[in-house]
Amino acid sequence: NKTGKIMPSITRALVNKLRPRGGPGASLTMADVSKLRLRDGRTLAFNTYGRARRDGGFPVVFAHGNLNSKAFSPSWAQSEADADKAGAWIVAIDRPGYGASCALPGRSYLDWALDVEQLADHLAIERYAVVGFSSGGPHALACAAVNDRRRISSCGLVSSDAPYANMPPGTIQHMYGVPIVDMPNARARAHRNTAMLRTNYLAMTNEQKRGLALNDLDTATAQGVEGAASDSVLEASPSWGFELGDVAVPVHLWHGSDDVDVPLAAGQFLARGITDRKAQLSTHFIEGENHTLIRRHWQSILRTVVDTALATVTERETDKQNAIRRLHSEVGNRY
């Protein structure tokens, strides 16, 4: 596995191609909260922040963790500034059942991938990266596995959950306290976790962080805990609807050695599955870090994902131009 940043050289003309073309949502800036009516009538709520697209910000679709929401602040009050410094325009979305996004009973990871594609169309996004934190990791992977690969340029996984049903026997029991995860026991667990998090957040001595954490939790549970419960059911399901080997875009994976919420073994399992086939994987296993490593590494995570995405776009543009030149050459030789 390779580690480290990819530092691309990208022309001004290519940056201009990545900017909005005046389509819906092209002028969204920090703190914009919008809603999209999907084709099936559901509402998808999202928030945007970071470097404005008109200033060259590269679109990054962010999938939040369990009992988080579009209001999640990865690096607390520095989240917007960190995204701007990394050259990222963040599109943070409430998953179905979270925040202001309509619930979708029995939803799958592939349903989420389709929702993201509809939102990308709505925002006139030509190319974008995906980043998933914790329960958001499998959702980001689903996009990278099945969505239009001409549009997705890189994928970032941060403290990501794994397909626990495919890991050693007893993994689901260890993770969820039950051998089989269904909606009733997942709801009960989500209610307990909500109460525990609220108690922990209320005890925070930093007033600013306390306010951000409570706002995120209140947003996440505005409709109840259906979103959080369905995340758990999906994580523990025998099939995710796609294979890890289906991912064919560059992937960066971050995981802390001391993560007790999603153990390092989950990140290692994902790494083995992704590299079995065709993806270019870079692992970042951080010694001494825990599940909240995103709080301390948000800017560097975004910078790495954006740099990789831009390098991928440059490579694809070069391949496209070379193919056109070969075609012209072949046509010329015929005549």
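Heads up: the structure comes first, above all this text.
Quick caveat, the model's predicted, so the values are computed rather than measured.

Counting secondary structure elements, the protein contains 10 helices and eight strands. For the protein, the proportion of its 335 residues judged to be buried stands at 52%. Counted over contacts in the protein with a minimum sequence separation of 6, partners at least 24 positions apart contribute 80%. Total accessible area on the protein stands at roughly 14600 Å², and carbon and sulfur atoms take up 51% of it.

Burial of strand 2 (residues 43-50) is extensive: eight of the eight residues sit out of reach of the surface. Alternating positions in strand 2 separate into two faces, Thr43, Ala45, Asn47 and Tyr49 on one and Leu44, Phe46, Thr48 and Gly50 on the other, with burial throughout. Where strand 2 lies against strand 4 (residues 88-93), five bridges are found, and the strand directions are antiparallel. Directly across from asparagine 47, in strand 4, lies its bridge partner alanine 92.

For helix 4 (residues 136-146), a buried count of 10 out of 11 residues is recorded, marking the element as mostly surrounded by other parts of the structure. Along helix 4, the residues that are buried comprise Gly136, Gly137, Pro138, His139, Ala140, Leu141, Ala142, Cys143, Ala144 and Ala145. Where helix 4 is buried, its residues contact strand 3 (58-63), helix 3 (109-122), strand 5 (128-133), strand 6 (152-158), helix 8 (226-235) and helix 9 (264-275).

This part takes up the packing of aromatic side chains. One pass over the structure, following the stated rule, counts seven aromatic pairs. Between phenylalanine 72 and phenylalanine 133 the ring centres are 5.6 Å apart and the planes differ by 5°, which places this aromatic pair in the stacked class. Of this pair, phenylalanine 72 sits in the loop between strand 3 and helix 2 (79-85) while phenylalanine 133 sits in strand 5, and the two are 61 residues apart along the sequence. With relative accessibility at 6%, the residue phenylalanine 72 sits in the buried group. Looking at phenylalanine 133, the relative accessible area reads 6%, which means it is buried. Ring plane angle 65° and centroid distance 5.2 Å describe the contact between tyrosine 109 and tryptophan 240, whose orientation is recorded as edge-to-face. One end of the pair, tyrosine 109, is in helix 3; the other, tryptophan 240, is in the loop between helix 8 and strand 7 (251-256), and 131 residues separate them in sequence. Tryptophan 240 shares its class with tyrosine 109; the two are buried. Through successive ring pairs, a cluster of aromatic residues spans Phe62, Phe72, Phe133 and Trp298.

It is worth spelling out the state of the cysteines at this point. Counted according to the given criterion, the structure contains zero disulfides. Unpaired in this structure, cysteine 143 has its nearest cysteine sulfur neighbour in cysteine 155, at a distance of 8.2 Å. For cysteine 155, a relative accessible area of 0% translates into the label buried.

This part covers the packing of helix 6 (residues 183-202) against helix 7 (residues 207-220). At a minimum axis distance of 9 Å, the contact between helix 6 and helix 7 shows a crossing angle of 160°. Relative to helix 7, the element helix 6 lies roughly antiparallel. At the point where helix 6 passes helix 7, the crossing takes the left-handed sense. Contacts between helix 6 and helix 7 pair Thr194, Leu197, Arg198, Tyr201 and Leu202 from the former with Arg210, Ala213, Leu214, Leu217 and Asp218 from the latter. Counted by class, the contact of helix 6 with helix 7 contains six nonpolar, one polar and three charged residues.

Cut-off values and rules
- The residue numbers shown here count from 1 along each chain, following its written sequence.
- Local features in a predicted model are, by the rule used here, given only for residues with pLDDT of at least 70; side-chain atom pairs are given and counted only at 80 or more, and totals for whole chains, interfaces and linings are based on all residues.
- With hydrogens and water excluded, all non-hydrogen atoms of the structure serve as input to the side-chain values.
- Secondary structure counts use DSSP, requiring at least four H or I residues in a row for a helix and at least two E residues in a row for a strand, with both numbered from the N terminus.
- For the exposure calls, accessible area comes from a 1.4 Å probe over protein chains only, and a residue counts as buried if that area is under 20% of its type's maximum, exposed if over 50%, partly exposed in between.
- Only heavy atoms enter the contact rule, under which two residues are in contact if any of them lie within 4.5 Å.
- Areas reported as accessible are Shrake-Rupley estimates using a 1.4 Å probe. Residue values count occlusion only from the protein chains shown.
- A pair of strands is treated as paired once DSSP finds two or more bridges between them.
- Only Phe, Tyr and Trp rings are paired, with Trp represented by its six-membered ring, and only when their centres lie within 6.5 Å; those with planes under 30 degrees apart are stacked, over 60 edge-to-face, the remainder tilted.
- When two cysteine sulfur atoms are found within 2.5 Å, that pair is recorded as a disulfide.
- The convention used is that axes are lines fitted to C-alpha atoms, helices contributing only their stretch in contact, and that angles between N-to-C directions extend from 0 to 180 degrees.
- What sets the label is the angle itself: under 35 degrees gives roughly parallel, over 145 gives roughly antiparallel, 65 to 115 gives roughly perpendicular, and the rest give oblique.
- Note on convention: the crossing is left-handed when the near helix lies turned anticlockwise from the far helix by less than a right angle, right-handed when the turn is clockwise.
- Residue polarity follows a fixed list, in which Ala, Val, Leu, Ile, Met, Phe, Trp, Tyr, Cys and Pro are nonpolar, Asp, Glu, Lys and Arg are charged, and the others, Gly among them, are polar.

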